[in-house]
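Residues per chain are reported as follows:
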Amino acid sequence: MITYYDDRSVQVTSAAIRVDGRTFPLAEIGMVWHRRGSRSWRVLAGRGALGAALAGPLVAAVLGVALAVWLHRSLTVTIAIVGASVLVGLAVGPLADFLFEHLDRSYARGSRQWEMWARWGGGPVLLLRTGNALRFGQIYRAVQRAMEAARPAPGPQNSIGPSGSISNPRNRP
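What counts as what
- Residues numbered from 1 in each chain as written.
- Predicted model: local features only at pLDDT ≥ 70, side-chain atom pairs only at ≥ 80, totals over all residues.
- Heavy atoms only, no water.
- Helix = DSSP H or I, 4+ residues; strand = E, 2+ residues; numbered from the N terminus.
- Pairing = 2+ DSSP bridges.
- Axes fitted to C-alpha atoms, helices over the stretch in contact; angles between N-to-C directions.
- Buried < 20%, exposed > 50% of the residue type's maximum accessible area, 1.4 Å probe, protein only.
- Contact = heavy atoms within 4.5 Å.
- Phe/Tyr/Trp six-rings, centres within 6.5 Å; stacked < 30°, edge-to-face > 60°.
- Lys NZ or Arg CZ within 6 Å of the ring centre and 35° of its normal.
- Salt bridge = Lys/Arg side-chain N within 4 Å of Asp/Glu carboxyl O.

Caption draft 1: How the structure looks around the environment of Ser40. Examined against the element boundaries, Ser40 turns out to sit in the loop between strand E5 (29–39) and helix H1 (41–71). Counting along the chain gives 70 residues from Ser40 to Gly110, while the straight-line C-alpha distance between them is 9.1 Å.

Caption draft 2: Local environment of the pairing of strand E3 (residues 16–19). Bridge count between strand E2 (residues 10–13) and E3: 3 bridges; the pairing is antiparallel. Bridged to Val10 within E3 is Val19. Counted between consecutive antiparallel strands, the loop separating E2 from E3 contains 2 residues. Note that E3 and strand E4 (residues 22–25) share 4 bridges and pair antiparallel. Within the sheet, the bridge partner assigned to Ile17 lies in E4 and is Phe24. Counting the residues that bridge the hairpin from E3 to E4 gives 2 residues, and of these Asp20 lies at a positive phi of roughly 50°.

Caption draft 3: The arrangement of the sheet that holds strand E6 (residues 112–120) in detail. Spatially, 3 strands are ordered E5-E6-E7 in an open sheet, and the strand pairing comes out antiparallel. Looking at the sheet topology across the chains shown, the edges are occupied by E5 and strand E7 (123–130). Within the sheet, the average angular offset between the axes of one strand and its neighbour, ignoring direction, is 25°. Looking at chain direction, E6 and E7 are connected through 7 bridges and run antiparallel. Paired with Trp120 across the strands is Gly123, a residue of E7.

Caption draft 4: Inspection of the side chain of Thr13 at higher detail. Structurally, Thr13 is set in strand E2. Thr13 sits in the buried class, given a relative accessible area of 0%. Not counting the four nearest positions on each side in its chain, Thr13 is found in contact with Met1, Ile2, Thr3, Tyr4, Arg18, Leu26 and Ala146.

Caption draft 5: View of the packing of aromatic side chains. For the structure shown, the criterion picks out 3 aromatic pairs. Seen from their ring centres, Phe136 and Tyr140 are 5.8 Å apart, and the 15° between their planes marks the pair as stacked. On the criterion of helical spacing, the pair formed by Phe136 and Tyr140 is a turn pair, its members being 4 residues apart in helix H4 (residues 133–150). Under the relative-accessibility criterion, Phe136 is labelled buried at 4%. Note on Tyr140: relative accessible area 15%, which makes it buried. Through a chain of ring-to-ring contacts, the aromatic side chains of Trp114, Phe136 and Tyr140 assemble into a single cluster. The ring of Trp117 is capped by Arg35, whose NZ or CZ atom sits 5.0 Å from the centre of that ring.

Caption draft 6: Highlighting the pattern of salt bridges. In total, this model carries 2 salt bridges according to the counting rule given. Residue Asp7 pairs with Arg135 through a salt bridge whose shortest N-O separation is 2.8 Å. Of this pair, Asp7 sits in the loop between strand E1 (3–6) and E2 while Arg135 sits in helix H4, and the two are 128 residues apart along the sequence. Glu115 is paired through a salt bridge with Arg129; the nearest N and O atoms lie 2.9 Å apart. Here the residue Glu115 occupies a position in strand E6, and Arg129 occupies one in strand E7, the gap between them amounting to 14 residues. Of the residues examined, Glu115 reaches a relative accessible area of 16% and is grouped as buried.

Structure follows, in structure tokens:
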């Protein structure tokens, strides 16, 4: 038995698909398809908040420099305001890696609900629903590979050999 995907709630093997304790033998599954739901505004708002957290200190630094130039104060006061603004702008440096990592993970997970359906027992059955796009893609591809491997190979096929010639079953090694 070949295992194509395995985590704590989903297992895809050459014999069956197991999701949350339910088993669907591949031989009984007629077709598999997917649906994607609408966007989650909560996820999009979270991405916006991460973007604002990244841009906030930089905007504050630029506004501080503009304020220092606009006030026309003494050189000492102007240098102090510009210096403080630059320090605020540099504060984003240590946070940027952390925030970019969270933003990247947000895009990997996706902003939609993904559903995998199968025709089983004469009707459609929801196999899986998840908001994690990366995990969904891995599971869906594993199901595709398992279904392709479970299909019986059709009769003799002509395939193109390494030299570009068409081979037939009689002259294959």
